[in-house]
Amino acid sequence: MWYHVIDMAGISVKLEPSWKVVLGDEFTKPYFGTLTDFVKSEYKSTSIFPQPKDIFKAFDLCPFNEVRVVILGQDPYHGKDQANGLCFAVCNGIRIPPSLVNIFKEIKSDLGIEPLVDGDLSRWAKQGVLLLNSTLTVRAGQPGSHQGYGWEEFTDTVVRELSKNKEHIVFMLWGNYAKNKGASIDRTKHLVLESAHPSPFSAYSGFFGSRHFSKANKYLKENGLREVDW
């Protein structure tokens, strides 16, 4: 399998080939060159998450042609050993963050099942769930520190290309940031589910009881697509 190779942080970062077809033009744009230089300098000078090999993990585990659900996050986690390249997920063995705890609570309430309490979430990605952060890197202990350097332009393109080139994707937009990022989605072709963010500060304002997981599976089934084993 041929991968597109991006030089970041002094190492070659691979991008799954189906995404290269869709996103290839982005890598030649001036903003992406500036972004790459910034990310390289950050990895050389300070502690950055996730590890370089995991920057594009969401794409690697979920090829473009297999995307059925998109969950939009904001930043990678900024604590030691937490971020693994998948939004809301953490590395194995790391304490599950409060937002993910609430996601699991909603799955249990919505579907009547006991979800697998494993914070990695690779099992979702491998079923066609794109766990996409808006910003793909962050400084240790400094949330939002890599915002405004180009990642948002890149991930906005991801959302637009998915909306334009595919049909019957379920987009889960939790919180105002995700809702704003999803403004370009064609709602005549896709299902857009919106709610409050699963953070403990807002989960009781509309995330709990939103039933996004059963709604997603119902929509997928109605359109002849495989349901997600949450």
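Above: the structure in question.
Residues numbered from 1 in each chain as written. Predicted model: local features only at pLDDT ≥ 70, side-chain atom pairs only at ≥ 80, totals over all residues. Heavy atoms only, no water.

**Student:** Teacher, can you tell me more about the packing of aromatic side chains here?
**Tutor:** Two aromatic rings are characterised by how far apart their centres lie and by the angle between their planes. Enumeration over the complete set of coordinates arrives at 21 aromatic pairs. On the basis of an interplanar angle of 80 degrees and a centroid distance of 5.0 Å, the ring pair of phenylalanine 27 and phenylalanine 32 is categorised as edge-to-face. Each member of the pair, phenylalanine 27 as well as phenylalanine 32, carries the same accessibility label: buried. On the numbers, 6.1 Å between centres and 65 degrees between planes, the contact of phenylalanine 59 with phenylalanine 154 is edge-to-face. Taken together, the positions of phenylalanine 59 in helix α3 (residues 57–61) and phenylalanine 154 in helix α6 (residues 151–165) put the pair 95 residues apart, joining distant regions of the chain. Of the residues examined, phenylalanine 59 reaches a relative accessible area of 0% and is grouped as buried. You can call phenylalanine 154 buried: its relative accessible area is 0%. Above the plane of the ring of phenylalanine 64 lies lysine 166, whose end atom (NZ or CZ) is 5.5 Å from the centre. (Phe/Tyr/Trp six-rings, centres within 6.5 Å; stacked < 30°, edge-to-face > 60°. Buried < 20%, exposed > 50% of the residue type's maximum accessible area, 1.4 Å probe, protein only. Helix = DSSP H or I, 4+ residues; strand = E, 2+ residues; numbered from the N terminus. Lys NZ or Arg CZ within 6 Å of the ring centre and 35° of its normal.)

**Student:** I would appreciate a short explanation of the nonpolar core in the present structure.
**Tutor:** Note that soluble globular proteins tend to have their nonpolar side chains buried in a common cluster. Counting 65 residues, the largest nonpolar core has Ile71 and Phe154 as its most contacted members. Tallying contributions element by element places helix α2 (residues 30–45) first for this core, with 6 residues. (Core = buried A, V, L, I, M, F, W, Y, C linked by side-chain atoms within 4.5 Å.)

**Student:** Help me understand the packing of helix α4 (residues 98–111) against helix α8 (residues 212–222) in this model?
**Tutor:** Any two packed helices are characterised by the angle at which their axes cross and by the distance between the axes. Direction vectors running N to C along α4 and α8 enclose 60 degrees, while the axes themselves pass 8 Å from each other. Taken together, α4 and α8 sit at an angle that is classed as oblique. Across the interface between the two elements, Ile103, Glu106, Ile107, Asp110 and Leu111 from α4 touch His212, Phe213 and Ser214 from α8. Split by residue class, the contact of α4 with α8 holds 4 nonpolar, 2 polar and 2 charged. (Axes fitted to C-alpha atoms, helices over the stretch in contact; angles between N-to-C directions. Parallel < 35°, antiparallel > 145°, perpendicular 65-115°, else oblique. Contact = heavy atoms within 4.5 Å. Nonpolar A, V, L, I, M, F, W, Y, C, P; charged D, E, K, R; others polar.)

**Student:** Whenever I open this one, the pairing of strand β4 (residues 69–73) confuses me. Can you help?
**Tutor:** With 5 of its 5 residues buried, β4 lies for the most part within the structure. Here β4 shows two buried faces, one formed by Val69, Ile71 and Gly73 and the other by Val70 and Leu72. Direction of pairing for β4 relative to strand β5 (residues 129–133): parallel, over a ladder of 5 bridges. By the bridge assignment for β5, isoleucine 71 is matched with leucine 131. Bridge count between β4 and strand β7 (residues 170–174): 3 bridges; the pairing is parallel. Each residue of the ladder has a partner; that of valine 70, found in β7, is phenylalanine 171. (Pairing = 2+ DSSP bridges.)

**Student:** How should I be thinking about the sheet that holds β4 in this particular structure?
**Tutor:** Reading across the sheet, the 4 strands line up as β5-β4-β7-β8 and stay open at both edges, with parallel pairing between neighbours. Because the sheet does not close on itself, it has two edges, and the strands there are β5 and β8 (191–195). Shown here is a sheet whose adjacent strand axes are inclined to one another by a mean of 20 degrees, direction ignored. Strands in contact with α8 are β4, β7 and β8; relative to β7, the strand with the most contacts, it is inclined by about 165 degrees.

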